[in-house]
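Structure at a glance
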Amino acid sequence: MNFPRCKTVEKSLPIFLKGENEGVLFIHGYTGSPHDFEYMAKEVNRVGFTVSVPRLPGHGTCGEDFLMTTARDWLRRVFDAYYDLKAICDRVHVVGLSMGGVIALILASQMNPPKLVTLAAATHVFDKRIVLTPLLKLFSKKMPRKSTEKYEDPGIEYLRKEYWSYNWPKQAAELYKLMRLARKSVSKITSDTLVVAAKNDNMVPMKATEFIYNNIRSENKKLLVFEKSGHVLSNDVEKEDVTKAVIEWLKGE
């Protein structure tokens, strides 16, 4: 089905940056897009890594498109991107933000990448309504919510209007599926894992970070909490420090 009103804004385009024979797959979050990793991806590529930041189906285009996609679509896109990167790189590491962190956990439990980084991975969320979404989606697919913040960048403002100005019970139910699958998958992970959290995160509680750190089987693991950042750690006030920590972990420093 075509949606004439939909478009992919420049900020949402997938990012691919060729580097050496070691790759990093970045996975953005729920209602996010590759722009959340724009700074980090460029910095990681600058130190030699080949970088891929795919756009998850239904993200970065329009709300109608979003409603046509499922957790299966999002997982399939990430696994395809992983295989594409693995075809040209000797080793592929994985970095995931929020829902992308949840998908990264699922991927890591099956593919065992050498290095794994989760940024505010949403295995748990503050909003308890998430458990009701399988029922709520039967009554409403999207609900307007108050959104006062506006952006000067026209591409980001378009994304705000299309995605961040609504609650999405149908799609949140798909996210909930991934959250539950990730919680089951964590105990199978043996990758060297850096678990990163933000103290000012208003979406993902510290409980999620502790759950991941305490339940992965990785012998080499580390937990970092950034004091000033909000949920989108890769694109917030401490993005330089977060990126430095990620690069050090990927390089084994």
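For the protein, the name recorded in an unreviewed UniProt entry is Esterase/lipase-like protein, with Thermotoga petrophila as its organism.

Attention shifts here to the packing of helix H4 (residues 99–111) against helix H7 (residues 169–185). At a closest axis distance of 9 Å, the pairing of H4 and H7 adopts a crossing angle of 40°. In terms of axis orientation, H4 runs oblique to H7. Where H4 crosses over H7, the two elements pack in a sense that is left-handed. Of the residues in H7, those in contact with Met99, Val102, Ile103, Leu105, Ile106 and Ser109 of H4 are Leu175, Leu178, Met179, Leu181, Ala182 and Ser185.

Turning our attention to the UniProt feature "active site" (unreviewed entry) in the protein. Mapped onto the present numbering, the UniProt feature "active site" (unreviewed entry) falls on Ser98, Asp201 and His231. Spatial clustering of the annotated residues is evident: they stretch over 134 residues in sequence, but the largest pairwise C-alpha distance comes to 10.6 Å. On the basis of relative accessible area, aspartate 201 is assigned to the buried category, the value being 7%. Polar side-chain contacts of aspartate 201 include one of 3.0 Å to the backbone nitrogen of valine 204. In this fold, histidine 231 is placed in the loop between strand E9 (221–226) and helix H9 (239–251). Under the relative-accessibility criterion, histidine 231 is labelled buried at 10%. With near-sequence residues (within four places) excluded, histidine 231 lies in contact with Leu97, Ser98, Ala120, Asp201, Met203, Val204 and Asp236. Among the polar contacts made by the side chain of histidine 231, one reaches the side chain of serine 98 at a distance of 2.8 Å.

By the criterion of burial, helix H6 (residues 154–164) is predominantly enclosed, with nine of the eleven residues buried. Among all positions of H6, only Gly155, Ile156, Glu157, Tyr158, Leu159, Arg160, Glu162, Tyr163 and Trp164 are buried. In this structure, the buried residues of H6 make contact with helix H2 (63–67) and strand E7 (166–167). Measuring from the side-chain oxygen of the N-cap residue of H6 to the backbone nitrogen of glycine 155 gives 2.8 Å; that N-cap residue is aspartate 153.

Parameters at a glance
Residues numbered from 1 in each chain as written. Predicted model: local features only at pLDDT ≥ 70, side-chain atom pairs only at ≥ 80, totals over all residues. Heavy atoms only, no water. Axes fitted to C-alpha atoms, helices over the stretch in contact; angles between N-to-C directions. Helix = DSSP H or I, 4+ residues; strand = E, 2+ residues; numbered from the N terminus. Parallel < 35°, antiparallel > 145°, perpendicular 65-115°, else oblique. Left-handed = near helix turned anticlockwise from the far one by under 90°. Contact = heavy atoms within 4.5 Å. UniProt positions renumbered as here; feature names shortened; annotations may be inferred. Buried < 20%, exposed > 50% of the residue type's maximum accessible area, 1.4 Å probe, protein only. Polar contact = N/O pair within 3.5 Å; in protein donor to acceptor, adjacent residues only side chain to side chain.

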